[in-house]
Structure formats: C-alpha cells, structure tokens
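Structural overview
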Amino acid sequence: MAAALTAALTLPSSSLTAVGAGPGDLEAIVKDERGKPVADAVVSLTSPATATRPRASPALMDQQNKEFVPLVLPVAVGTSVTFPNRDNIRHHVYSFSPAKRFELPLYIGTPAAPVVFDKPGAIVLGCNIHDWMVGYVYVLPTPYFAKTAEDGKARIADVPAGAWESRVWHPRLRTETEKTTTPVTITAGEPAQVGFVVTLKPDRRPIRRPTYEGAQGG
Amino acid sequence: MGVHFRSFRSRLVVVFLGLFALIQAAGYFAVTAFVRASARHTVAEELRLASTLFARQLDVRTQQLVAATRLLSGDFALKTAVATSDHATTASVLENHRQRVDADVLMLATLDGRVVIDTQRPAGQGAPFPAPRLLAEAEAGRDASDVVAIGPRLYRLAVVPVLAPEPIAWLVAGFAIDDRAAADLRRLSGLHVSFLARRDGAFVVYASTLDAADRATLARALPAARAAGVLDLAGGEHLVRVEPVGGDVVVVLQEPLAEALAPYDHMLLILLGVAGAGVVLALLGAVVVARRVSRPVLTLAGGARRVAAGDFSVAVSVPQRDELGELATTFNEMVGGLRERERVRDELERTAKLKRFFSPQLADALSAGDESLLASHRRQITVVFCDLRGFTAFAEAADPEQVMRLLHEYHATVGPLVFANEGTLERFTGDGLMVFFNDPVECPDPAARAVRMAVAMRDAVATLLAEWRRRGHALGFGTGIAMGEATIGRIGFEGRFDYAAIGTVTNLSARLCQEARDGQILVSEPVYAEVESLVEAKPVGALPLRGFSRPVVVFDVLGLRPQPTAPAASAATP
C-alpha cells in the first residue's frame with residue numbers, strides 16, 4: 001500500500017492533461033479478508049495536483065427509533081449537518097472526537113443551528129442517554145466520495161479524468177486509512193475499477209437490548 | 001478344692017462379663033464411629049451448601065460490582081473528563097464515584113493497559129495494570145471480574161469500558177477482600193473463611209477469620225487438601241472445603257469437627273452410662289447365675305469330701321432338675337451303694353468277732369440283733385473247764401513245732417464241739433479251755449449241754465491222746481464243771497475286748513478240772529442234780545479244794561445214758 005501511495009504521489013504531470021479530457025466514474029468494491037462485502041465503507045478520491053474544493057451542501061443525521069440514521073455519514077469539509085430528532089423523546093448528542101467536539105444537550109425536534117464540520121476526520125457520535133446509539137460523520141477534504149452499499153460497492157461519478165488517489169475508511173477499520181491509498185486513473189467513458197480488501201475490528205458497539213418500548217416500536 | 005470352685009465361678013463371671021462388655025464396647029464404638037461419620041457427613045454437606053451459597057453470593061457481588069462500575073462509567077462528566085484528558089478532574093471524579101458506591105479502589109486505565117489514575121495511589125500513574133488478563137476479557141466484551149492480589153491485599157476487581165460511545169478507557173472498581181470481609185462472611189455462614197493465593201508455588205493467606213498460628217498451618221496444609229478434606233488446626237480437626245474464586249485465589253471454608261460433634265456428646269454420655277449400667281447388671285446377673293451353677297457343684301464336692309472321710313450318711317440335696325440334679329441323684333445313689341456295702345462289711349466283721357466267743361448261730365443272732373446281750377449282768381451259768389494233763393512238761397521238752405501242731409489238733413477237735421453245743425467260749429489258755437452256758441443267750445438246759453459237751457470232748461480227745469501216746473507223748477485230759485452265779489460282761493479296752501464271766505463258779509470249775517484225772521469229768525453237786533437222769537456217774541465224795549472253806553461234793557460223770565428222745569441232742573446239732 002505504501003508503495004502504491006508513493007507511486008500515486010510521483011505521478012507525472014501528463015496525468016493532468018487527462019483531467020481536461022472530460023469526467024469519468026470510479027467503481028469501487030470493498031471486501032473483508034474473507035471476501036465478504038463490507039457496507040458503510042467510505043471510498044474517496046483525492047488528487048495532490050488539484051486543489052479540489054469540496055462542495056458543501058448541507059447534510060442530515062437523523063435520530064430515528066433511538067438510532068443514528070445513517071450509521072455513517074460522509075461529508076465534505078465545511079458541510080453543515082443538522083441532527084433532526086424524529087423520536088418523541090429527547091436525545092443528547094455529543095462528540096469527543098478531535099476533528100469536531102460538540103454537544104447538543106437534550107433536545108427534541110431539529111436544533112436551530114446545524115453543526116459545521118470544518119476539519120477532515122472521523123467523528124464518533126454518541127447519545128448520552130442511549131449507550132447503544134453510535135453514529136459516524138466522516139469529514140473528507142474532497143467532494144469525490146461514496147459509501148458502499150450492502151453489496152460492498154460504491155460508485156463515484158463525474159470525476160475529472162486523470163490520476164487520483166483512492167482511499168477507504170470504515171468505522172471498524174483496523175489499519176489507518178492513509179495506508180489504504182491506491183492510485184487510480186479516471187478516464188472518460190469506461191469507469192475505473194478499484195478494489196479494497198480491509199480488515200475490520202470486531203463490532204463492539206454496546207448491545208441494544210430489546211425493551212418493551214423497543215419491541216412495540218418494531 | 002474350694003479355691004478351684006471359686007475360680008470356676010469367677011471364670012464363669014469373667015466370661016459372662018467379658019462377653020457383655022465386649023458387646024457393649026462394640027456397640028459403643030459402632031455408634032461413635034457412626035456419629036463421627038454422620039457428623040463429618042453433616043459438616044461436609046454444610047460446607048458444600050455454604051460454598052454453593054458462597055459462590056452464588058460472590059457471583060451476585062461480582063454482578064453488582066460490574067453493574068455499579070458500568071453505571072459509573074456511563075457518567076457523562078466522567079466521559080467528558082476522560083475524553084478531554086483532564087487528569088485532575090478525572091481523578092476527582094473517580095474519588096467521588098468511589099465514595100458513591102463505597103468501593104475500596106477505583107482506577108482508570110488506558111486502552112493499552114496502563115494505569116492513569118489509582119484512587120489508592122495517586123502517584124502510581126503510568127504503571128502497567130496489575131491484571132492484564134481482565135482487560136483482555138473486557139476487550140472481548142465479556143463481564144470482566146476477578147479476584148486479584150495487588151500488593152499485600154486481595155481485591156475483587158471489575159473492569160468496564162468508558163464509552164464515548166466507543167471505548168476510550170477502562171474503568172476499574174475494586175472491593176478489598178480483607179479480614180473484615182472474611183469476618184462478614186463468617187457472620188453470614190458461621191464458618192471460618194480464609195482467602196489464599198498461590199505465590200511462587202506456596203499458598204499465602206491474604207484474609208482469614210483464623211488466628212495467626214492457624215493461618216500458617218492452613219497455608220502449609222492446604223496443598224494436601226483437595227476440594228474437600230480434613231485439616232488439623234489448633235481447634236482440633238477441621239473439615240475444609242476449597243473453592244477457587246478466580247485466578248489463582250481460593251477460598252477455604254472450615255468448620256471444626258468438634259462443633260459438629262458437640263450435640264452428640266450428650267448422647268454418647270448417655271450411651272456410656274447405659275453401657276456402664278448394663279455391665280453392672282450383667283455382673284450381678286453373672287454372679288447370680290454362676291452361684292446357682294456352682295452351688296450344687298460345691299454341695300456335691302462337700303458330699304464327696306465327707307464320703308472320702310468315710311461318712312456314708314451323706315445325701316446331697318440339689319433341687320435342680322437339670323444335669324446337675326441328675327448328677328446329685330446319681331451321687332446319692334452311689335453313696336447309698338457304698339453305705340450298704342459298708343454296712344454289710346461291718347456286719348460281717350462284727351459277726352466274725354462274735355464268732356470268737358460264741359457259736360456261729362449265736363454270733364449270727366447277736367450280730368443281727370442288738371449288742372445289749374453283752375452288757376454287764378449277773379446270771380446263773382454252768383462253766384466247763386478242761387485241759388491236758390502233762391502238757392506243761394511236754395511243752396518244755398518238745399520242740400515248738402510239735403507243741404503248736406499238737407495244740408492245733410487239740411483245738412480243732414474241741415472247738416467245733418463248743419459251737420455244736422452252743423457254748424460260749426470264754427478263753428483259750430494254751431491247753432486250757434473255758435466254756436460256759438446260759439449266757440449271753442439263756443437256754444433251758446445249760447448243765448445238760450455242758451455235760452454232753454464234756455463227754456463228747458473227752459471221747460474225741462481220747463482218740464487224740466491214743467495217737468499222741470503212740471508218738472510217745474504221755475498226755476491226759478481232765479474236765480471240771482460247776483454251776484452258779486457269775487458277773488458277766490465285756491472286759492478289756494478299745495481294740496481288745498473279751499466276754500468274761502467272773503465269780504466263784506469259774507474258780508470252782510477250774511479247781512475241779514485240776515482235781516480230775518485223765519478221762520475224769522468232775523461235776524459239782526448242783527450240776528449233777530441237774531443231769532442225774534441223763535448221765536451215768538459215780539460220787540467221788542467231798543473234796544477239800546483250795547480257795548473253798550468247805551469241802552465240795554463232787555461226782556464223776558462216766559458217760560451219757562442212752563436217750564429215747566434227744567431234744568437237746570437235736571438242738572445241739574447245727
């Protein structure tokens with residue numbers, strides 16, 4: 001991987017010419033070491049040559065049925081995220097992650113001000129009153145990213161053609177994301193292909209035990 | 001013999017008593033063994049039960065500890081303090097929380113196992129966590145709790161993650177297991193409780209309700225005891241049960257056997273009393289029975305002893321109807337037989353004695369009847385005295401064998417005639433012979449018998465005399481007969497009695513015998529008067545006799561007149 005990263009960093013400037021040739025797509029697939037598709041993995045593309053300015057369209061992290069939905073929310077740097085509470089009880093959302101430390105003390109409905117994620121990095125979201133509630137906001141310095149579906153596949157569309165570095169992140173990724181860097185070349189027409197084999201840590205999220213309320217809510 | 005029978009009796013008693021005591025002792029020991037086994041079983045069962053409850057209690061405590069620790073770990077302020085690496089605040093929060101749950105220690109460890117905060121040792125920052133195994137357990141998502149030795153003390157520790165909401169640190173809560181905790185458990189269970197851990201191959205006592213000496217003993221003896229066993233401690237034998245409580249730590253529950261046996265002590269005392277009373281009763285019974293058995297034996301022995309001493313009048317009395325009774329009956333029969341034999345022998349002996357004096361018939365009569373006949377008395381008797389003329393000279397000249405042979409022939413000739421005429425032979429004096437009639441048994445014709453006997457003797461001796469003359473011995477035979485009163489009775493001393501007649505009549509007859517020439521039968525006048533009709537006689541005249549003041553009229557009996565009927569003669573024939 002390190003070799004791949006080095007290779008990506010030393011790409012010749014000829015690749016820049018390809019950017020102007022029109023946008024292309026990247027098709028990525030993420031699997032674990034046993035070949036099982038990995039969902040909720042974020043695949044992103046960055047280019048050391050282009051200072052890609054992330055689009056900062058607002059995003060939502062819902063709280064439904066005392067869970068964060070979605071589990072993983074990838075956003076570009078500078079994105080404002082609102083945390084609408086769709087349950088009929090309050091939540092107390094917090095993060096002690098260095099990339100964004102914040103707290104939304106007990107609230108109901110949609111807070112007036114969204115939280116702006118201005119630094120790249122992984123932010124672990126918790127709820128002070130529901131131990132099992134865990135959510136992730138993954139802040140990327142690039143607008144080119146996609147989250148894998150249940151089949152482990154993600155597709156990043158309209159990427160300018162040229163040489164890119166692809167990476168993968170997952171909440172339970174054992175290795176650092178930096179080490180997953182894989183160079184890819186985007187060309188117009190045929191989508192580029194990249195595959196990641198990742199090792200995940202065991203899922204140690206607090207278990208949500210069934211309650212009367214929970215059972216009723218289905 | 002008495003000693004022997006006493007020992008027989010005591011042997012009987014000893015055997016009885018010994019058997020009974022043996023049975024009692026066997027019973028006592030069986031019960032004791034049973035009681036001990038039962039007590040052991042009870043104690044072992046108590047210990048098993050206690051250890052089950054104990055384990056359950058420890059489980060519950062552990063769960064409570066884990067739950068309490070988890071509650072503490074959920075505290076937002078703690079999370080905030082930890083997440084912001086605010087060390088001083090975190091330490092303060094931990095101390096606060098320690099007091100909340102009354103834990104003995106609260107620690108915070110990094111995810112890689114270094115102690116960040118230890119409420120007991122504020123300076124111990126950065127040291128490796130003493131029970132890394134617990135962290136591994138917690139990391140694996142399990143309830144991590146164990147008994148761990150930290151320094152000189154044992155702690156039950158629980159480890160839970162501080163979630164924000166992912167684990168950011170380990171929170172560790174601990175309760176000390178010290179002597180006080182052991183004492184608490186003892187109050188709960190009534191058992192001695194000790195906690196030991198293996199250190200360098202040996203057991204070390206960390207907490208206990210025992211005193212120092214017993215702690216050392218326990219630590220030494222524990223490797224020998226398995227899950228359950230017996231240990232010899234200061235208070236005597238203890239039953240122990242060893243339960244692992246986590247890691248290399250064991251809890252040992254002990255109960256002294258003496259405590260379990262205490263309720264049985266009273267029972268054993270009663271049992272001992274009953275056994276003692278039984279032995280005493282058995283002793284009394286044995287003595288009574290032995291006496292009952294030995295008494296007839298002693299009675300028989302006494303009887304036998306008297307028989308041995310010659311007393312045949314013995315009749316032992318044994319009322320039993322058993323073998324001993326039969327033996328007594330047989331014994332009495334035997335003594336009866338002996339008595340009869342003795343009686344017969346006595347009779348024969350006496351008869352033989354009587355026969356020395358009296359005719360066999362008279363002797364038989366005497367021996368069959370009473371001996372009062374022989375008592376001293378006076379009676380009219382007829383006395384016959386006879387002897388050989390010239391015997392003294394002959395005896396001097398002849399050799400002793402000849403003298404004795406002649407006397408034997410003489411006596412053999414005259415003796416039977418005495419008895420034939422039922423005379424009483426008063427004495428032999430060599431050649432002399434004194435016989436009297438009418439005593440001890442009276443007869444109607446004593447004089448006649450006397451004369452008839454004298455005639456028969458003279459005739460018989462005449463034949464002998466002729467024979468002796470042929471051999472060159474000139475001997476004659478003379479007889480004197482007198483009649484009169486005499487004192488008659490037994491004379492002599494014990495062992496040698498004679499039946500004797502004393503009086504003038506004997507003297508007279510002796511004198512007459514002296515006066516008689518060979519073949520002469522000189523009788524006094526009263527005698528002649530009695531037998532005049534029976535005999536041929538001629539008067540000799542009045543003879544002056546020595547010892548008699550007046551001359552005595554004497555007749556010489558020549559022979560018997562032939563008799564038409566002879567009642568006396570028939571009476572004289574045996």
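Residues numbered from 1 in each chain as written. Chains lettered and ligands numbered in written order. Predicted model: local features only at pLDDT ≥ 70, side-chain atom pairs only at ≥ 80, totals over all residues. Heavy atoms only, no water.

1. Describing the state of the cysteines
Per the counting criterion, the structure on display carries zero disulfides over all chains. Cysteine cysteine 386 of chain B remains unbridged, with the sulfur of cysteine 513 of chain B as its closest cysteine sulfur at 6.4 Å. (Disulfide = S-S within 2.5 Å.)

2. Overview of the confidence of the model for chain A
Low pLDDT means the predicted atomic positions in that stretch should not be read closely. Here chain A averages 84 in pLDDT, and 84% of its residues register 70 or above. This model gives residues 214–218 of chain A a pLDDT under 50, and the stretch forms one contact once residues within four places in sequence are excluded. (pLDDT = per-residue confidence, 0-100. Contact = heavy atoms within 4.5 Å.)

3. Some words on the environment of histidine 41 of chain B
Residue and element names in this part refer to chain B. Along the chain, histidine 41 falls in helix H1 (residues 2–73). On the basis of relative accessibility, which here comes to 54%, the residue histidine 41 falls in the exposed class. Through-space distance from the C-alpha of histidine 41 to that of leucine 239 is 9.8 Å; in sequence the pair is 198 residues apart. (Helix = DSSP H or I, 4+ residues; strand = E, 2+ residues; numbered from the N terminus. Buried < 20%, exposed > 50% of the residue type's maximum accessible area, 1.4 Å probe, protein only.)

4. Remarks on the sheet that holds strand E14 (residues 153–160) of chain A
All names here are of chain A. If you trace the three strands from one edge of the open sheet to the other, you get E14-E1-E17, paired in mixed fashion. Each of the sheet's edge strands pairs with one partner strand only, and the pair in question is E14 and strand E17 (192–198). For this sheet, the mean inter-axis angle between neighbouring strands, taken without regard to orientation, is 20°. Judged from the six bridges that link them, strand E1 (residues 23–32) and E14 form a sheet pairing that is antiparallel. (Pairing = 2+ DSSP bridges. Axes fitted to C-alpha atoms, helices over the stretch in contact; angles between N-to-C directions.)

5. Here's the deal with the nonpolar core
Residue and element names in this part refer to chain B. One finds Leu388, Tyr410, Met457 and Ile481 to be the most contacted residues of the largest nonpolar core, which totals 42 residues. A per-element tally of this core places helix H12 (residues 446–470) first, with 12 residues. Excluding its chain neighbours within four sequence positions, the residues that come into contact with leucine 388 are Leu406, Tyr410, Asp431, Val461, Leu465, Trp468, Gly476 and Phe477. Grouped together as the second largest cluster of nonpolar side chains are 25 residues, Ala197, Ala207, Val245 and Leu253 included. (Core = buried A, V, L, I, M, F, W, Y, C linked by side-chain atoms within 4.5 Å.)

6. With respect to the interface of chain A and chain B
Think of interface size as the accessible area that goes away when the parts come together; that is how it is often given. Between chain A and chain B, the contact holds 16 residues from the first and 13 residues from the second. Across the chain A to chain B interface the summed buried area is about 1,200 Å²; carbon plus sulfur atoms make up 60%. In terms of surface lost to chain B, no three residues of chain A exceed Tyr94, Phe96 and Arg204 of chain A, which account for 46% of the buried area on that side. Viewed at the interface, chain B and chain A are joined by zero salt bridges. Contributing elements (two or more residues each) for the side of chain A that touches chain B: strand E8 (91–95), strand E11 (121–127) and strand E12 (130–140) of chain A. For the side of chain A that touches chain B, the leading source of residues is E12 of chain A, giving four residues. (Buried area = accessible area lost by both parts, 1.4 Å probe. Salt bridge = Lys/Arg side-chain N within 4 Å of Asp/Glu carboxyl O.)

7. Here we look at the packing of helix H2 (residues 76–83) of chain B against helix H3 (residues 87–101) of chain B
All names here are of chain B. Packing of H2 against H3 leaves a shortest axis separation of 8 Å and a crossing angle of 150°. By the angle between their directions, the pair H2 and H3 is classed as roughly antiparallel. Note that H2 runs across H3; the crossing there is left-handed. Together, Leu78, Ala81 and Val82 of H2 and Thr89, Thr90, Val93, Leu94 and His97 of H3 make up the contact between the two elements. Tallied by class, the residues present in the contact of H2 with H3 amount to five nonpolar, three polar and no charged. (Parallel < 35°, antiparallel > 145°, perpendicular 65-115°, else oblique. Left-handed = near helix turned anticlockwise from the far one by under 90°. Nonpolar A, V, L, I, M, F, W, Y, C, P; charged D, E, K, R; others polar.)

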